[in-house]
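# Notes for the structure review
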Amino acid sequence: MRVAILMFGHVIRAIVFDFDGLILDTEEPVYRSWLEVYQAHGEELPFERWVQIVGSTTTGFHPQHHLEERLGRPLPKEVLDRRIGRRTEMILANAVLPGVVHHLDAARELGLRLGCASSSTQEWVRGHLARLGILDRFHCIRCRDDVLHAKPQPDLYISVLECLGVAAAEAFAIEDSPNGIAAAQKAGLRCVAVPNSITARLDLTEADLVLTSLGDVTLSELLRRFEPLGTP
């Protein structure tokens, strides 16, 4: 028990999870659905622009507006509706990512508080968590409609910590993108990075620890691997 809840010289009381691309692979379906639209119109979807919004919002790059500017005309509603249908189809075909449920259950057994910090909306996150049967695992969920600024700003993590009633030193984040890592660290949390098929192409080395999959380690093993990073 002591090994599992002591880290960085502090008692760990909470874990905060990202949602998109960490709990459920929504990022590949969203990207693929837009890629199909671009290809159908003879245009390229610039990956270097796309990754600016991974883990954040479309403020930095809006795929619909960008394509419409390239085409010089608005996209028909049926094209946009079909894109959403394809996105939904691909997302519903995906299960919870490996290791997530195990870590949620292990954290609950240890009495840890669980939070979720997402740049998506409450409706999106809660809807998928409920569909996957894990909504009740979380003590607090904060999304972009709860704060002024989404990731990479720290607002979401600060809000989750306040909701959980823990200090940043008493928690750590699990993220999948540079925007998420930056948000967690700006809020004072240590961060574990677990890339997905999209973010595996990005530089995640700013994280305190990078894993290939949450399915590769137990929670106790994760905390033991993390501990030396916080030891003077």
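Refer to the structure printed above.
As a starting point, this report considers the structure included with it. Bear in mind the structure is a predicted one, so any value in this text is a computation, not a measurement.

The rules behind these values
- Residues numbered from 1 in each chain as written.
- Predicted model: local features only at pLDDT ≥ 70, side-chain atom pairs only at ≥ 80, totals over all residues.
- Heavy atoms only, no water.
- Buried < 20%, exposed > 50% of the residue type's maximum accessible area, 1.4 Å probe, protein only.
- Helix = DSSP H or I, 4+ residues; strand = E, 2+ residues; numbered from the N terminus.
- Contact = heavy atoms within 4.5 Å.
- Axes fitted to C-alpha atoms, helices over the stretch in contact; angles between N-to-C directions.
- Parallel < 35°, antiparallel > 145°, perpendicular 65-115°, else oblique.
- Left-handed = near helix turned anticlockwise from the far one by under 90°.
- Nonpolar A, V, L, I, M, F, W, Y, C, P; charged D, E, K, R; others polar.
- Polar contact = N/O pair within 3.5 Å; in protein donor to acceptor, adjacent residues only side chain to side chain.

### Some words on helix α9 (residues 178-186)
Structurally, the α-helix is built with 3.6 residues per turn, so residues lying three or four positions apart point the same way. Those residues of α9 that fall on the buried side of the exposure criterion are N179, G180, I181, A183 and A184. Buried residues along α9 sit in contact with α8 (155-164), β6 (171-175) and β7 (190-193). The first or second residue beyond α9 is G188, which carries a positive phi of 95°.

### Concerning the environment of R73
Looking at the element boundaries, R73 is found in the loop between α4 (63-71) and α5 (77-92). Ignoring anything within four residues of it in the chain, the contact list for R73 reads H41 and E68.

### Re unusual backbone geometry
Outside of glycine, negative phi angles account for most residues, and trans bonds account for most peptide bonds. At the junction of K151 and P152, the peptide bond is cis and its omega measures out at 15° in the coordinates. Mapped onto the elements of the fold, P152 is located in the loop between β5 (140-142) and α8.

### With respect to the packing of α5 against helix α7 (residues 122-132)
Packed helices, taken two at a time, are described by the angle between their axes plus the distance between the axes. Two numbers describe how α5 lies on α7: the axes approach to 13 Å, and their chain directions differ by 40°. Between α5 and α7, the interaxial angle falls into the category oblique. In the packing of α5 onto α7, the handedness of the crossing is right-handed. Contacts between α5 and α7 involve R87, I91 and L92 from the first element and W124, H128 and R131 from the second. Among the residues forming the contact of α5 with α7, the class breakdown is three nonpolar, one polar and two charged.

### Here's the deal with the side chain of H103
Along the chain, the position of H103 falls in helix α6 (residues 100-109). Side-chain polar atoms of H103 contact the backbone oxygen of V217, separated by 2.9 Å. Look past the residues within four positions of H103 in its chain and what remains in contact with it is F17, L214, V217, T218, L219 and L222.

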